[in-house]
Amino acid sequence: MDKIVSLCKRRGFVFPGSEIYGGFANSWDYGPYGTELKNNIARVWWKNFVQNRDDIVGLDSAIITNPKVWEASGHVANFNDPLIDCLKCKARSRADKMLEEKLGIKEAVKIPLDKLDDKIKEHKLVCPVCGGADFTKIRKFNLLFETHVGVVTDAKHIAYLRGETAQGIFVNFKNVMDTMRQKMPFGIAQIGKAFRNEITPGHFIFRTREFEQMEIEYFIIPPKADKDWQKPFKSWQDELKRFFKEDLGIKEEKMRWRRHDEKERSHYSKDTYDVEYDFPGMGFAELLGFAYRTDYDLKQHIEHSGADLCCVDENGNKFIPHCIEPSFGLTRTLLAVLCEAYTEEPVRIASQSDAGGEVNGETRTVMKFLPALAPIKVAVFPLLKNKPELVKKAREIYENLKTQYMCEFDDNGNIGKRYRRQDEIGTPYCVTVDFDTLNDNAVTVRDRDTMKQERIKIAELNNYLKAKLFI
Ligand code: ATP
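Residues numbered from 1 in each chain as written. Predicted model: local features only at pLDDT ≥ 70, side-chain atom pairs only at ≥ 80, totals over all residues.

Student: Any details on the overall build of the protein? Residues and values, ideally.
Tutor: Along the protein, the regular secondary structure elements total 16 helices and 23 strands. Along the longest, intermediate and shortest principal axes, the C-alpha atoms of the protein span 75 × 65 × 50 Å. Counting every position in the protein, which comprises 471 residues, the buried fraction comes to 34%. Partitioning the contacts of the protein with sequence separation of at least 6, the portion at a separation of at least 24 is 65%. (Helix = DSSP H or I, 4+ residues; strand = E, 2+ residues; numbered from the N terminus. Buried ≥ 20, exposed ≤ 12 C-beta atoms within 10 Å, placed from the backbone. Contact = placed C-beta atoms within 7 Å.)

Student: Could you give an account of the sheet that holds strand E4 (residues 80–85), naming the residues involved and the relevant values?
Tutor: The strands making up a sheet associate through backbone hydrogen bonding, with each pair oriented either parallel or antiparallel. Spatial strand order, E5-E4-E6: 3 strands in an open sheet with antiparallel pairing. The open sheet is flanked by strand E5 (92–94) and strand E6 (139–142), the only strands paired with a single partner. For this sheet, the mean angle separating the axes of adjacent strands, direction not counted, is 50 degrees. Inspection of the sheet shows E4 paired to E5 by 3 bridges, in the antiparallel sense. Residue pairing for E5: aspartate 85 is matched across the bridge by arginine 92. (Pairing = 2+ DSSP bridges. Axes fitted to C-alpha atoms, helices over the stretch in contact; angles between N-to-C directions.)

Student: Tell me about the sheet that holds strand E20 (residues 407–409), and please be specific about residues and values.
Tutor: One open sheet holds the 5 strands; their spatial order is E20-E19-E21-E22-E23, and the pairing between them is mixed. Two strands in the sheet have a free side with no partner beyond their single neighbour: E20 and strand E23 (453–457). Pairwise comparison of adjacent strand axes, ignoring direction, gives a mean angle of 25 degrees for this sheet. Pairing analysis gives 4 bridges linking strand E21 (residues 429–433) to strand E22 (residues 442–447), with the strands arranged antiparallel. Residue pairing in the sheet places valine 431 in a bridge with valine 445 of E22. Contacts from helix H13 (residues 388–401) reach strand E19 (378–382), E20, E21 and E22, with the element oriented near 165 degrees to E19.

Student: Let's hear about the site of the ligand: which residues, and what values?
Tutor: Taken together, 15 residues surround the ligand, and among them Phe211, Gly289, Ser327, Gly329 and Arg332 come closest. Residue assignment for the shell around the ligand shows that the elements contributing at least two residues are strand E10 (210–220), strand E13 (283–292), strand E16 (322–329) and helix H11 (330–341). The class makeup of the residues in the shell around the ligand is 3 nonpolar, 6 polar and 6 charged. (Near = placed C-beta within 6 Å. Nonpolar A, V, L, I, M, F, W, Y, C, P; charged D, E, K, R; others polar.)

Student: Got a sec to walk through helix H14 (residues 415–425)? Specific residues and values, please.
Tutor: Since there are 3.6 residues in each turn of an α-helix, residues three or four apart along the chain are aligned in direction. Three or more residues of H14 are buried, namely Ile415, Arg418, Tyr419, Gln422, Asp423 and Ile425. Around the axis of H14, the buried residues are gathered within 170 degrees of arc, so they sit on the same side. Its buried side turned inward, H14 meets helix H2 (32–51), strand E18 (363–367), E19, E21 and E22. Just downstream of H14, glycine 426 is the residue with a positive phi angle, here 80 degrees. (Arc of directions from axis to C-beta.)

Student: Could you give an account of the pairing of E16, naming the residues involved and the relevant values?
Tutor: Counting buried positions along E16 gives 7 out of 8 residues, so the element sits mostly inside the fold. Sheet topology note: the E10/E16 ladder contains 6 bridges and is antiparallel. Looking across to E16, one finds that methionine 214 is bridged to phenylalanine 328. In the sheet, E13 pairs with E16 via 5 bridges, with the strands oriented antiparallel. Counterpart to glycine 289 in the pairing with E16 is serine 327.

Student: Could you give me a rundown of the domain arrangement of the protein, with the residues and numbers involved?
Tutor: Domain parsing of the protein yields domain 1 (2–79 + 143–338) and domain 2 (347–469). A separation of 38 Å is found between the C-alpha centroids of domain 1 and domain 2. Of the residues lining the interface, 10 residues belong to domain 1; the matching set on domain 2 comes to 9 residues. Of the residues that constitute the side of domain 1 that touches domain 2, the class distribution is 6 nonpolar, 2 polar and 2 charged. (Domains from an automatic or database assignment.)

Student: Would you mind going over the packing of H2 against H11 in detail, with residue names and values included?
Tutor: The contact between H2 and H11 brings their axes to 10 Å, and the two run at 110 degrees. Classified by the interaxial angle, the pair formed by H2 and H11 is roughly perpendicular. Residues Leu37, Lys38, Ile41 and Ala42 of H2 form the contact with H11, whose own contacting residues are Leu330, Thr333, Leu334 and Val337. For the contact of H2 with H11, the class distribution of residues is 6 nonpolar, 1 polar and 1 charged. (Parallel < 35°, antiparallel > 145°, perpendicular 65-115°, else oblique.)

Student: Talk me through unusual backbone geometry; I want residue IDs and the actual numbers.
Tutor: Cis geometry marks the peptide bond from methionine 184 to proline 185; its omega dihedral reads -5 degrees. Positive phi is not limited to glycine here, since arginine 181 has a value of about 50 degrees. With 7 C-beta atoms counted inside 10 Å, the residue arginine 181 sits in the exposed group.

Student: Report on the nonpolar core, specifying residues and quantitative values.
Tutor: Core analysis: the largest hydrophobic core is formed by 87 residues, its most contacted members being Val337, Val378, Val380, Phe381 and Ile397. When residues of this core are assigned to their parent elements, the largest contribution, 6 residues, is made by H11. Counting contributing residues per domain, this core is built from domain 1 (2–79 + 143–338) and domain 2 (347–469), each supplying no fewer than three. Residues Cys86, Ala95, Met98 and Ala108 belong to the second largest nonpolar core, which totals 11 residues. (Core = buried A, V, L, I, M, F, W, Y, C linked by C-beta atoms within 7 Å.)

Right under this line is the structure:
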């Protein structure tokens, strides 16, 4: 993971937040390539789950909402972490995470507070900061970020930054239903920021206080039998598995579907999975939450708002839809995509004529992103910077290509170094204009993964790249 963090900083994917002021509490800023990568993941997700489907529509709801939304959803009362303070160094830690790490168990957050206290003593846990063993009693700490709306900062004016994007979907369920004339089953998708006052953020961008989610609430007719929700639940599982593999390029063996047992599962859910990725240095950790949430959320909002969020079937009978929820972390998915793409390998070039400035046997770092996710699709080089005729031709090609893809023009340093730089940001194709180009109107196209070079006519370049990039 350290190598990935360092590449992210060095190559402009992710920077430490507020760095010139010494950083700020685990906040991260996405640099030029990180922003492209994040937008591409979101785009691929949206294309797959919204654009290509007739049964899912998009939404962009507010971050600051009526605080009653979060009372109804249960977040104000239940969205709590159990915290413990070290009496020696005053460090505050999550008691459940301390136990999970020591005992290798999951979801210790579900253990009642007094039992957690007992277990900390029983297993002789120590403060992760100073090693001390003297603690306060465990207390609950709400994860919602509080703010005040307007100029008065009293309790009456408290509002929350949303803790998940999903509640915006439930709150707008009726509006979407009425305006889009959707028939069951149908879904609402949303991508956006969410905020949680996490007490132990960490592992780079894995757990942050400000992050992005991509969530879908997929509404179904209330099931008469288990098979009525199990069938769409299973199709969602198949679709999610396909999406991770084919659209994000994450190998199946790096993913694990961990089913919640009855103790771990929320009381309203009939089936829940943590879909986990095997992060280097961390092991399997949650990338996506996937659950059948019954009619819990809409029921809660009906109860708290008094609004009628029911649907009517063809016989005029009212019903509250049930829902299946795939809840992705966008920033966590980005981390998984970075980890999956990161490759160190020796440079292997088939023939001398293919070498073009690369040295056989050198080790290269290459980000093997799927073309659709790569921040830059094509880089264009003139062989030499000080030959105006080469620079002019390369510029012409670049100006033409950049209207279609994110492209880069680079005339700095030798070609070998330029390839290394593009490998590190995962650019699938590099196009070089050399002296032959001026006679044969062809360029050398170098493939990132095979490192093979091909001579392509400029007139055919666009179609060639289109076919290779699947765009
Ligand atoms: P965790 O157990 O890791 O805290 P969670 O079960 O609370 O996650 P959910 O509420 O199910 O997470 O949120 C759905 C998704 O949002 C998660 O699978 C994850 O990808 C993402 N997510 C949640 N919290 C964070 C965070 N603090 N930083 C980054 N991504 C997050």
